[in-house]
Amino acid sequence: MSTVNLVYFSWVRERIGKGEETLEVPAGVVTIADLLAHLKTLGEEYETALEHQNVIRAAINQEHVEHDEPIAGAREIALFPPMTGG
């Protein structure tokens, strides 16, 4: 297991009910996609926030990444909804 700091933004934060948390990540969680699937098992609020996980954007150590990106060595993982134009 490894520990990672998760940061949630916008409606992901609102639906989960917190802006950030430190989480123990099981050994089988290797990529962002794995992490999203794991988070959905932590409770109804996570399941609701990540229901359409294909639209969730992610950043590792403040760099945008795809869902197949390995999370090994990540200090911070941010999850947020798609950016809207302005």
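Residues numbered from 1 in each chain as written. Predicted model: local features only at pLDDT ≥ 70, side-chain atom pairs only at ≥ 80, totals over all residues. Heavy atoms only, no water.

The name that an unreviewed UniProt entry assigns to the chain is Molybdopterin synthase sulfur carrier subunit, with the source organism given as Ensifer adhaerens.

Enquirer: Before we go on, may I ask you to explain the nonpolar core in this structure?
Expert: One broad trend across soluble globular proteins is that nonpolar side chains are buried collectively. Ranked by internal contacts, the top residues of the largest apolar core, which has 23 residues, are L6, Y8, I32, L39, I77 and L79. Breaking this core down by element, the ones donating at least two residues are β1 (2-8), α1 (10-16), β2 (20-25), α2 (32-39), α3 (44-49), β3 (57-60) and β5 (76-80). Considering every element that reaches this core, the biggest residue donor is α2, with four residues. If we ignore the near neighbours within four places in the chain, the residues touching I32 are A58, I60, V65, E66, H67, E69, I71 and I77. (Core = buried A, V, L, I, M, F, W, Y, C linked by side-chain atoms within 4.5 Å. Buried < 20%, exposed > 50% of the residue type's maximum accessible area, 1.4 Å probe, protein only. Helix = DSSP H or I, 4+ residues; strand = E, 2+ residues; numbered from the N terminus. Contact = heavy atoms within 4.5 Å.)

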